[in-house]
Amino acid sequence: MPPIIDEDKCTLCGNCVDICTEDVFFGSKKKQLPRVTYPHECVYCNACVEECPAEGAVRLRLPLPMMLMYKPAPTA
Amino acid sequence: MTHIIMAGEQMEADVLVIGGGPAGLMAAIHAAESGAKVTLIDKANTVRSGSGATGNDHFRAYIPAFHGPDMEPVVKEVAKSQAGWTRPQSFVRTWMKTSFDIVKMWDDWGIPMKHEGRWEFSGHTFPGKPFTTLKYSGQSQKPILTKEAKKRGVKIVNRVTAFDLITDHGISGAIGVHGREDKIITFSAKAVVLCTGGCVRLYPGPTPGWMFNRADSPHTTGDGRAMAYRAGADLLNMEIPMRWAGPKYFAKCGKATWVGVLRDPRDKPVGPFVTKPDRIYGDPISDSYKGLFEDYMKTGKGPVYMDCRGISNEDYDYMMHYMKHEGLHGILHHFDEEGIDLRENPIEFMTYEMTTRGGIHYNEKGETSMPGLYAAGDEYFGGISAAATFGWIAGGKAAGFAFGRDAPSKNAGKESSEALKNLVREMRNRKDGPSWQEINVALNQVMSDYIGPTRSDTLVEAGTAHLLRIKEKARKDLVAKNQHELIHCLEVLNLLDVAEVIFAAIKERKETREKYIRVDHPYKNPAFDEKVLVCRKGPEGPLTEWKAIND
């Protein structure tokens, strides 16, 4: 569930824990891998991704009920 | 189970700002520039909190170099817009007059307010009408405003939620609850500025059971309105509904950033204003007809699509640039993952849930009905530019007020702090009972069924009785297993107070006007022309009063 932290890339800086509006990382400890305690409260604002200094260390997975509805392009 | 004890802490300031969005940060900056000692508290972290967290891209403004020397056509247009039609014209005039100064300030601080070196206006405009929304690149507005506030010595206290104002001998500060420690903080201040934003989790969102899929930040839960109400301040127009529209099912504001034509499933434009993608106008049909997406679905003519096919390469780049600045990164990421290309795939739009348009009654000086209490921003709906402008104004006025009075007595807030300590201690130590989610869902249900799109006397009566029962149980039985849940518990208590006021206001406004519909009073009552409905706390619930709009 979102956000997803890549253990190998995360530098344990804690930026995402500090800035998340919804505090989905509540209970995370300093200098440890962030814990996603409240995944259902993520609003997909992307702030954690933007404030992360290590590219690819955090990404969001959109839950299926929030998938966009769109028209397919006509097949050639 | 360990018995939880709430620790206490005291802090002092001349001006206390509650909420660190654009309004709160601008209020804090101006108050500090005026020489006041300022503390700003934020429920999250001002760097990325609230509805402007990851950006905005349009800002209502009067720019003399663009509009020419006459401001009045712009004032008239804004007064008719969604952000202005319930406000006195003098309020809108002050807003537009000050907006250019704010724009210049932001530009100096590094928030790009120009497009390729020029003032660019687009979106939320009907062909032939004056332009009022300045295009800007606001992706970094929150980090930049936070930096500017700190530069001026503002003390920022993050992760603290204010719950009650201190009212001993006038407004004397507020009591806050920490979101990560069991701690109550008493903020003593000579003046308070409320800037907590909108009122989002009142009605069910687009996805059943998915409480946080919302067009605006679901963390903004009417805390300011509820605090002001409990302290005795006036709320205004709480019964007037507001609805957003945007992509389905990924709820996000920012409709005006899309450059396309709203079309039905057979590709016929649903509005008369544009027939091909046009970056200057977008498609303004949904500005004057927000319920269109819902109506097309209900009548089987839908769905309605935002169709960007046929967009020029230049306009496509422009739209994608501004989507980033409007904070739509989550959606852009989803496009990439799903292989959605706006040049080929029309995106379905929907009408989102209701909230209230009204809020704390603040005038063009940011003053509320209580001396020493100021409010700005979406404490009464106005959008980003109103937030920045009236935040700035309210901060200056609050500093002036603070200089004219002595510091509150040392005992101020003792009683309210003890009362809040008891309330949260009980919630934290209770073993079983409803969670905040239960109460929030029960509230959403009664709002949607009894004062949703269909409103009448009998529905209001039945719904009010149920709401009051939920409210009693919430105060008595809510359980918070940790500090995070505790903040959500306080949020639902605030939402319940706001809901009670909305019920009372709907009961009083027995007429149909603009977007406000009473099925049992389907006519406009001229007696209410040029009037606003004021609600304030009485001994047994909300009291209502009609006032002239310019009072």
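Residues numbered from 1 in each chain as written. Chains lettered and ligands numbered in written order. Predicted model: local features only at pLDDT ≥ 70, side-chain atom pairs only at ≥ 80, totals over all residues. Heavy atoms only, no water.

**Regarding the nonpolar core**
Residue and element names in this part refer to chain B. Cut-off, in case you're wondering: We call a set of buried residues a nonpolar core when its members are Ala, Val, Leu, Ile, Met, Phe, Trp, Tyr or Cys and they connect through side-chain atoms within 4.5 Å of each other. Exposure is judged per residue with a 1.4 Å probe applied to protein chains only, and the accessible area is read against the type maximum: over 50% gives exposed, under 20% gives buried, and values in between give partly exposed. For the purposes of this entry, the term helix denotes a DSSP run of H or I that reaches at least four residues, the term strand denotes a run of E that reaches at least two, and both are numbered from the N terminus. We call two residues in contact when some of their heavy atoms are within 4.5 Å.
In terms of nonpolar packing, the biggest core is built from 160 residues, with Val15, Ile18, Met26, Phe59, Trp106, Leu202 and Met427 touching the most fellow members. Of all the elements, helix H15 (residues 483-508) adds the most residues to this core, at 15 residues. Residues in contact with Met26, not counting those within four places in the same chain, are Ile102, Met105, Trp106, Trp109, Leu145, Ala388, Gly391 and Trp392. If you look at the next biggest cluster of nonpolar residues, it comprises 46 residues, including Phe250, Leu262, Phe335 and Ile340.

**Looking at the packing of aromatic side chains**
Residue and element names in this part refer to chain B. So the rule is basically this: Centre distance within 6.5 Å is the pairing criterion for rings of Phe, Tyr and Trp, where only the six-membered ring of Trp is used; planes under 30 degrees apart are then read as stacked, over 60 as edge-to-face, and the remainder as tilted.
Here the structure, examined in full by the defined rule, presents 22 aromatic pairs over all chains. Seen from their ring centres, Phe126 and Phe273 are 4.9 Å apart, and the 75° between their planes marks the pair as edge-to-face. With a gap of 147 residues between them, Phe126 in the loop between helix H4 (89-109) and strand S4 (133-135) and Phe273 in the loop between strand S11 (261-263) and helix H7 (285-288) connect regions that are remote in the sequence. Residue classification places Phe273 among the partly exposed positions, given a relative accessible area of 31%.

**What to know about the environment of Ala73 of chain A**
Tracing the sequence through the fold places Ala73 of chain A in the segment after strand S2 (58-59). Overall, the relative accessible area of 27% leaves Ala73 of chain A in the partly exposed class. Ala73 of chain A has contacts with Glu344 and Asn345 of chain B, leaving out every residue within four places of it along the chain.

**Things to note about the interface of chain A and chain B**
For the record, the criterion: Accessible area, probed at 1.4 Å, shrinks when two parts are joined; the buried area is that loss added up over both. By salt bridge we mean one thing: a side-chain nitrogen of Lys or Arg within 4 Å of a carboxyl oxygen of Asp or Glu. Throughout this description, a polar contact denotes any pair of N or O atoms lying within 3.5 Å of each other; where both atoms belong to protein, one of them has to be capable of donating a hydrogen while the other can accept it, and for residues adjacent in sequence the pair is counted only when both atoms sit in side chains. Under the convention adopted here, Pro, Cys and the residues Ala, Val, Leu, Ile, Met, Phe, Trp and Tyr are nonpolar, Asp, Glu, Lys and Arg are charged, and Gly plus all remaining residues are polar.
The partner chain B presents 47 residues to the 32 residues of chain A that form the contact. For the chain A and chain B pair, buried surface summed over both sides reaches about 3600 Å², with 56% attributable to carbon and sulfur atoms. Of all residues in chain A, the largest losses of buried area upon contact with chain B belong to Leu68, Met69 and Lys71 of chain A, amounting jointly to 21% of the total for that side. Applying the counting rule to chain A against chain B returns five salt bridges. The interface formed by chain A and chain B holds 22 residue pairs in polar contact (both at pLDDT 80 or more) in total. Counting residues per element, the ones that place at least two in the side of chain A that touches chain B are helix H1 (15-19) and helix H2 (47-51) of chain A. Counted by class, the side of chain A that touches chain B contains 22 nonpolar, three polar and seven charged residues.

**Details of the sheet that holds strand S13 (residues 347-356) of chain B**
Residue and element names in this part refer to chain B. Counted only if it meets this: In this description, strands pair whenever DSSP reports at least two bridges between them. In this analysis an axis means a line fitted to C-alpha atoms, helices contributing only their contacting stretch, and an angle means the value between N-to-C directions, from 0 to 180 degrees.
As summarised here, the arrangement of the four strands in space is S10-S13-S12-S11, forming an open sheet in which the pairing is antiparallel. In this open sheet, the two edge strands, each paired with only one partner strand, are strand S10 (241-247) and S11. Along the sheet, successive strands turn relative to each other by an average axial angle of 40°, direction set aside.

**Considering the sheet that holds strand S14 (residues 359-360) of chain B**
Residues and elements named next belong to chain B. As summarised here, the arrangement of the four strands in space is S14-S9-S16-S17, forming an open sheet in which the pairing is antiparallel. A strand with exactly one partner marks an edge of an open sheet, and here the two such strands are S14 and strand S17 (541-548). As paired strands, strand S9 (residues 235-236) and S14 are joined by two bridges and run antiparallel to one another. Counterpart to Leu236 in the pairing with S14 is Gly359. Where H15 meets the sheet, it contacts S9, strand S16 (531-538) and S17, and its direction lies at approximately 50° from that of S17.

**Observations concerning helix H9 (residues 313-325) of chain B**
All names here are of chain B. Just so we agree on the cut-off: Helix span, as expected, comes to 1.5 Å for every residue beyond the first.
For H9, which comprises 13 residues, the first-to-last C-alpha distance of 19 Å matches the rise-based estimate of 18 Å (1.5 Å per residue) to within 8%. Buried within H9 we find Asp315, Tyr316, Tyr318, Met319, Met320, Tyr322, Met323 and His325. In this structure, the buried side of H9 is in contact with S4 and helix H10 (329-338).

**Focus: the side chain of Ser137 of chain B**
All names here are of chain B. Within the element layout of this structure, Ser137 appears in the loop between S4 and helix H5 (141-151). On the basis of relative accessibility, which here comes to 7%, the residue Ser137 falls in the buried class. Polar contacts involving the side chain of Ser137 include one to the side chain of His321, which spans 3.2 Å. Contacts of Ser137, omitting those with residues within four sequence positions, involve Asn56, Ile111, Pro112, His321, Tyr322 and His325.

**Section: the environment of Leu332 of chain B**
Residue and element names in this part refer to chain B. When you line up the elements, Leu332 lands in helix H10. Classification of Leu332 by relative accessible area gives buried; the value is 12%. C-alpha separation for the pair Leu332 and Thr355, spaced 23 residues apart in sequence, amounts to 26 Å. Here Leu332 is in contact with Met320, Met323 and Lys324, once residues within four sequence places are set aside.

**Describing the domain arrangement of chain B**
For the record, the criterion: For the domain bounds, the source is a domain assignment made automatically or taken from a database.
Domain boundaries assigned for chain B yield domain 1 (58-137), domain 2 (244-354) and domain 3 (427-523). For domain 2 of chain B and domain 3 of chain B, the distance between their C-alpha centroids amounts to 32 Å.

**Some points on the pattern of salt bridges**
Residue and element names in this part refer to chain B. What the rule picks out here adds up to 49 salt bridges over all chains. Ionic pairing is found between Arg536 and Asp234, a salt bridge with its closest N-O pair at 2.7 Å. Remark: Asp234 occurs in the loop between helix H6 (223-231) and S9 and Arg536 occurs in strand S16; sequence separation between them is 302 residues. Judged by relative accessible area, which is 5%, Asp234 ranks as buried. With a shortest N-O distance of 3.4 Å, Arg279 and Asp315 are connected by a salt bridge. Of this pair, Arg279 sits in the loop between S11 and H7 while Asp315 is found in helix H9, placing the two residues 36 residues apart along the sequence.

**Points about the pairing of strand S7 (residues 173-178) of chain B**
Side-chain direction in a regular strand flips from residue to residue, so the side chains alternate between the two faces of the sheet. All names here are of chain B. The buried fraction of S7 amounts to six of the six residues, a majority that puts the element mostly inside the structure. Here S7 shows a buried face lined by Gly173, Ile175 and Val177 and a second buried face lined by Ala174, Gly176 and His178. Pairing analysis gives five bridges linking strand S6 (residues 160-165) to S7, with the strands arranged antiparallel. Across the sheet, Thr161 pairs through a bridge with Val177, a residue of S7. With five bridges joining them, S7 and strand S8 (residues 183-194) adopt antiparallel strand pairing. Bridging from a neighbouring strand, Ile175 pairs with Thr186 of S8. Hairpin connection of S7 to S8: four residues between the antiparallel strands.

**What about the state of the cysteines?**
Definition in use: Count a disulfide wherever a pair of cysteine sulfur atoms falls within 2.5 Å.
Scanning the model with the defined rule gives zero disulfides over all chains in all. For the unlinked cysteine Cys45 of chain A, the closest cysteine sulfur is that of Cys48 of chain A, found at 6.5 Å.

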